[in-house]
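So you can see what is in the structure, the chains are spelled out below.
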Amino acid sequence: MAQSDVYSTPHRIVHWITAALIIGLVPVGMFMASIPYPPNPGANPALKDSLYEWHKSFGLIVLLLAIARVALKVTQGTPPPEASLTRFQRAASAAVHHLLYLLIFLVPFTGWLPTSMCYGPVNLFWTIDVTLPFRGAEATCSAIYKVHLGGALLMSALVLVHVGAALMHLVVIKDGVFRRMWG
């Protein structure tokens, strides 16, 4: 496989860090949201607050990595599609990748915006205030959080499709597609 057929080292690093964060953020987000508030049984406000702070901070890191991904794509380009892909595989790959790119912007932003609007401040790892300068009603924030949750669930499904396709190319088809991002 020629070097021009492989993603650059910065592309690969950003890809794998983003993937690890997303794979961690979704279940943590679901778990933290399930922890009840006092006086409900099972309430653990210290754990809930801590998980929310970690979730918000790493979500903002995903948003920064999304910006880095686009910057890398613009400045370094990307390898051409694998020549062995069928027309359907190219179209499916493009669709999944474009949706994932959209969602790695949309999901963090739709968490950050309503948190800033209704539940600020938003701090990056308990230190740097990154609260957006918007205020809103609880109903608006609730609606945006629904977009956040729906986007996270859709992104989770697309990540499963993406991983499944990558593994299919690695184990079944053995055509080099997986090695383009593995290195």
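Residues numbered from 1 in each chain as written. Predicted model: local features only at pLDDT ≥ 70, side-chain atom pairs only at ≥ 80, totals over all residues. Heavy atoms only, no water.

Peer 1: Describe unusual backbone geometry, listing the residues and the values that go with them.
Peer 2: With omega at 10°, the peptide bond leading from Pro38 into Pro39 counts as cis. Locating Pro39 in the fold gives a position in the loop between α1 (9-34) and α2 (45-76). The amide bond that connects Gly120 to the next residue, Pro121, takes the cis arrangement and shows omega of 5°. Note on placement: Pro121 falls in the loop between α3 (87-119) and β1 (123-124). A positive phi is found at Trp126, a non-glycine position, where the angle reads about 65°. Of note, Trp126 is situated in the loop between β1 and β2 (128-129). Taking relative accessible area as the criterion, Trp126 reaches 44% and is therefore assigned partly exposed. Backbone geometry at Lys174 places phi at a positive 55°, although glycine is not the residue there. (Helix = DSSP H or I, 4+ residues; strand = E, 2+ residues; numbered from the N terminus. Buried < 20%, exposed > 50% of the residue type's maximum accessible area, 1.4 Å probe, protein only.)

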